[in-house]
Amino acid sequence: RHFCSVLVVLAAVKGAWQSGFFDQGSFMEVMSSWAQTVVTGRARLGGIPVGVIAVETRTVELVIPADPANLDSEARLVQQAGQVWFPDSAFKTAQAISDFNREHLPLMVFANWRGFSGGMKDMYDQVLKFGAHIVDSLREFRQPVLVYIPPHAELRGGSWVVIDPTINPLYMELYADKESRGGVLEAEGTVEIKFRRKDLLKTMRRIDPIYARLADQLGSPELPGAERKDLESKLKTREEFLLPIYHQVAVQFVDLHDTPGRMQEKGAITDILEWKSARVFFYWRLRRLLLEEAAKLEILQANKELSNGHIQSMLRRWFVESEGAVKAYLWDNNKLVVEWLEKHLAEDDGAHSLIRENIKYLKRDYALKHIRSLVQENPEVAMDCIIHMTQIITPSQRAHISRLLATMDSSSTT
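Draft legend 1. Representation of the packing of helix 2 (residues 87-102) against helix 4 (residues 127-139) within the structure. Contact pair helix 2 / helix 4: the axes reach a minimum separation of 8 Å and the direction vectors enclose 20°. On the basis of the axis angle, helix 2 is roughly parallel to helix 4. For the crossing formed where helix 2 meets helix 4, the hand is left-handed. Across from Pro87, Ala90, Phe91, Thr93, Ala94, Ile97 and Ser98 in helix 2, the residues of helix 4 making contact are Val127, Phe130, Gly131, His133, Ile134, Ser137 and Leu138. The residue makeup of the contact of helix 2 with helix 4, split by class, is nine nonpolar, five polar and no charged.

Draft legend 2. View of the packing of aromatic side chains. Under the criterion given, the structure shown has 18 aromatic pairs. Judged by centre distance (5.0 Å) and plane angle (85°), the rings of Phe21 and Phe110 are edge-to-face. Of this pair, Phe21 sits in the loop between strand 2 (18-19) and strand 3 (28-30) while Phe110 sits in strand 8 (residues 107-110), placing them 89 residues apart in sequence. The exposure class of Phe21 is buried, given its relative accessible area of 2%. A centroid spacing of 5.5 Å and a plane angle of 85° characterise the contact between Tyr175 and Phe282, whose relative ring orientation is edge-to-face.

Draft legend 3. Quick peek at a nonpolar patch on the surface. Judged by side-chain polarity, Met383, Ile386, Ile387, Met389 and Ile392 come together as a nonpolar surface patch covering roughly 500 Å² of accessible area. Relative accessible area serves as the criterion here: at 55%, Met383 is assigned to the exposed category.

Draft legend 4. Inspection of the environment of Val145 at higher detail. Mapping Val145 onto the fold places it in strand 9 (residues 145-149). Excluding residues that lie within four positions of it along the chain, Val145 makes contacts with Leu107, Leu138, Tyr171, Met172 and Glu173.

Draft legend 5. Just the nonpolar core, in detail. By size, the foremost hydrophobic cluster in this structure holds 45 residues, and its most contacted members are Leu10, Phe22, Phe110, Phe282, Ile299 and Trp318. Per element, the largest residue contribution to this core is 10 residues, and it comes from helix 11 (residues 275-302). Discounting residues that sit within four places of it in the chain, Trp318 has contacts with Ile299, Trp340, Leu354, Ile355, Asn358, Ile359 and Leu362. Within the second largest apolar cluster, 32 residues are counted, among which are Ile97, Phe130, Ile167 and Met172.

Draft legend 6. Highlighting helix 4. With 13 residues, helix 4 extends 19 Å from end C-alpha to end C-alpha; this agrees with the ideal 18 Å at 1.5 Å per step. Val127, Phe130, Gly131, Ile134, Ser137 and Leu138 are the residues of helix 4 that are buried. Angularly, the buried residues of helix 4 cover 115° about the axis, an arc narrow enough to put them on a single face. Turning to helix 4, the residues buried within the fold contact helix 2, strand 8, helix 3 (120-124), strand 9, helix 5 (157-162) and strand 11 (172-177).

Draft legend 7. Layout of the sheet that holds strand 4 (residues 38-45). An order of 3-4-5-8-9-11-13 is seen for the seven strands of this open sheet, with the pairing classed as mixed. What marks the edges here is a single partner per strand, and that holds for strand 3 and strand 13 (271-273). On average, adjacent strands in this sheet sit at an angle of 25° to one another, irrespective of strand direction. Set on the sheet, helix 2 makes contact with strand 3, strand 4, strand 5 (48-55) and strand 8; between it and strand 4 the angle comes to about 25°. Packing against the sheet, helix 11 makes contact with strand 4, strand 5, strand 8, strand 9, strand 11 and strand 13, and its axis sits at approximately 165° to strand 9.

Draft legend 8. Spatial organisation of the pattern of salt bridges. Scanning the entire structure with this criterion turns up 25 salt bridges. In this structure, the salt-bridge partner of Arg114 is Glu154, at a minimum N-O distance of 3.6 Å. Separated by 40 residues along the polypeptide, Arg114 in the loop between strand 8 and helix 3 and Glu154 in strand 10 (residues 154-156) bring together distant segments of the chain. The buried category is assigned to Glu154, whose relative accessible area is 17%. Here Lys369 and Glu305 are joined by a salt bridge, their closest N and O atoms 3.0 Å apart. Of the two residues, Lys369 sits in helix 14 (residues 354-377) while Glu305 sits in the loop between helix 11 and helix 12 (308-323), which places them 64 residues apart along the sequence. Among the ionic contacts, a cluster of salt bridges with common partners joins Arg114, Glu154, Arg156, Glu186 and Asp258.

The rules behind each value
- Residues numbered from 1 in each chain as written.
- Predicted model: local features only at pLDDT ≥ 70, side-chain atom pairs only at ≥ 80, totals over all residues.
- Heavy atoms only, no water.
- Axes fitted to C-alpha atoms, helices over the stretch in contact; angles between N-to-C directions.
- Helix = DSSP H or I, 4+ residues; strand = E, 2+ residues; numbered from the N terminus.
- Parallel < 35°, antiparallel > 145°, perpendicular 65-115°, else oblique.
- Left-handed = near helix turned anticlockwise from the far one by under 90°.
- Contact = heavy atoms within 4.5 Å.
- Nonpolar A, V, L, I, M, F, W, Y, C, P; charged D, E, K, R; others polar.
- Phe/Tyr/Trp six-rings, centres within 6.5 Å; stacked < 30°, edge-to-face > 60°.
- Buried < 20%, exposed > 50% of the residue type's maximum accessible area, 1.4 Å probe, protein only.
- Patch = residues over 30% accessible without salt bridge, like charges linked within 9 Å, V, L, I, M, F, W, Y side chains within 5 Å.
- Areas by Shrake-Rupley, 256 points an atom, 1.4 Å probe, with all protein chains shown as cover.
- Salt bridge = Lys/Arg side-chain N within 4 Å of Asp/Glu carboxyl O.
- Core = buried A, V, L, I, M, F, W, Y, C linked by side-chain atoms within 4.5 Å.
- Expected span 1.5 Å × (residues − 1).
- Arc of directions from axis to C-beta.
- Pairing = 2+ DSSP bridges.

Shown next, in the form of structure tokens:
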């Protein structure tokens, strides 16, 4: 809630040490002197290396040096507000995302933006182009992307558009703290558009008995002039007294549409978190996503035709088969799923691995399907394939095939 350096949140408090979000001494900021409204760097979360993008909430100063080729130019000092994407900070964000993708690092984004700067100078400096670069970089990202709206932070306007999980639904997830807010318009802006002064006056007349009585009396056509002026004065005084109250009620009502509960109800976020448990949650969630990605790669090597949704449903089915239908609800527990994945993805020769056993069957079925399709498309090579296969199998297998062929011949004769 208070304006402090975002580095304190990411790293730690110096002096009397207090832990930050990431491991002690692991956060290393990059490009720190450029576009300071955005903080980028690399860190470790429980030992897992991650790329980090966060937002500076304080106003920063941008120094534009004088042009040495122009004797009349002077150095300028420009103020840049926090929580806003300027052309340089949008470019920095897109560049950092691309760098983390090339390094195969998962990405943590602490979202606290109110939108893009919209001045004429910023439009000339291609702020929209660099905002589009952010979308392109996230669309091409092939590692887990965890976006978190911290406590008392907000995600508004165009900034929501460029980090919406629908850009890359296979890898992006959006979480919000229970004290955060999110929406295209802020509550004050929505009230100014959807519930203006005339709407507030209608509400006063419907709800406030004093205001309704004065308005009814003014509606009488036989009212003397002096009394009419007195009633108009009283009505205006009542309006001035009630307008701030009704305006604040309207703002609070609109703010209820921006709460994490409403965002989750509309499917805009994955889940609601608390700051005190966010670090533990993201640690286990990140480990699970990385292990699932490793399992997904092995499954795709066995069968390249499977979709991501099919693979996810297979992993869930294997988990239920391993743990029992009674414990199917534990699939939502990241820690338990991590332990199950580590157990069944281990390289131990003696350990029974349900995942590797199922992958072996997937590979076998895919190979049989491929061979069958090739023979159907090229029936003239079927005999050559059979001869070749009989040359590489064992004598016992050849004997077994002979018995099967004899059985097929006898059944066809009868």
